[in-house]
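Below, each chain spelled out in residue letters.
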Amino acid sequence: MAASNNPYAQFDEAIEACVRSQGSVLFREWANKPARFFYLPGDPPFECFQINITLIRDGGIAVLARAIDTNDDTEDKMEWCGQGESEDLPRMLTAAVDVIGLWKRRLRKQPDPPSPW
């Protein structure tokens with residue numbers, strides 16, 4: 001995608017550095033529109049977390065961390081959002097990764113299911 005067609009161009013370097021540091025894969029499109037998001041694994045067999053970077057109308061940026069699926073059905077309680085200016089993006093990405101790290105270490109109200117594999 002050419003820079004002129006890429007509304008994320010000024011943010012891609014910071015986003016890509018975070019994705020690489022986590023060993024993940026960056027998704028650049030959703031529903032045929034530019035997007036930026038990636039996934040982080042939780043405890044096997046099913047846990048999955050997502051970090052989504054969204055452009056805000058006033059020129060700012062938002063970073064959303066959320067649970068997609070958890071082994072103990074607590075994903076609806078796990079959502080964090082940070083908003084700021086472009087220079088805040090690396091800090092917000094670090095905060096999102098750290099929040100997911102806390103969620104992974106949470107006390108389980110029910111044990112994880114056995115792996116089906």
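All of the points below concern the structure found in this document. (Residues numbered from 1 in each chain as written. Predicted model: local features only at pLDDT ≥ 70, side-chain atom pairs only at ≥ 80, totals over all residues. Heavy atoms only, no water.)

### Examining helix H2 (residues 89–104)
Part 1 of the argument: The terminal C-alpha atoms of H2, which comprises 16 residues, lie 23 Å apart, in line with the 22 Å expected from a rise of 1.5 Å per residue.
Part 2 of the argument: Along its buried surface, H2 packs onto helix H1 (12–22), strand S2 (33–41), strand S3 (48–55), strand S4 (61–69) and strand S5 (79–84). (Helix = DSSP H or I, 4+ residues; strand = E, 2+ residues; numbered from the N terminus. Expected span 1.5 Å × (residues − 1). Contact = heavy atoms within 4.5 Å.)

### Focus: the pattern of salt bridges
Part 1 of the argument: In the structure shown here, the tally under the stated rule is 7 salt bridges.
Part 2 of the argument: Between Glu-16 and Arg-28 there is a salt bridge; the shortest N-O distance is 2.4 Å. Highlighted residues: Glu-16 in helix H1 and Arg-28 in strand S1 (residues 27–30), separated in sequence by 12 residues.
Part 3 of the argument: Here Glu-47 and Arg-106 are joined by a salt bridge, their closest N and O atoms 2.4 Å apart. Here the residue Glu-47 occupies a position in the loop between S2 and S3, and Arg-106 occupies one in the segment after H2, the gap between them amounting to 59 residues. The same class applies to Glu-47 and to Arg-106, which are both buried. (Salt bridge = Lys/Arg side-chain N within 4 Å of Asp/Glu carboxyl O. Buried < 20%, exposed > 50% of the residue type's maximum accessible area, 1.4 Å probe, protein only.)

### Observations regarding the pairing of S3
Part 1 of the argument: In terms of strand pairing, S2 meets S3 through 6 bridges, oriented antiparallel. What sits directly across from Leu-40, in S3, is Phe-49.
Part 2 of the argument: Between S2 and S3, which follow one another and run antiparallel, lie 6 residues.
Part 3 of the argument: Alignment of S3 against S4, held across 8 bridges, turns out to be antiparallel. For Asn-52, the partnering residue across the bridge sits in S4 and is Leu-64.
Part 4 of the argument: Here S3 folds back onto S4, and the loop between the two strands holds 5 residues, one of which, Gly-59, carries a positive phi near 95 degrees. (Pairing = 2+ DSSP bridges.)

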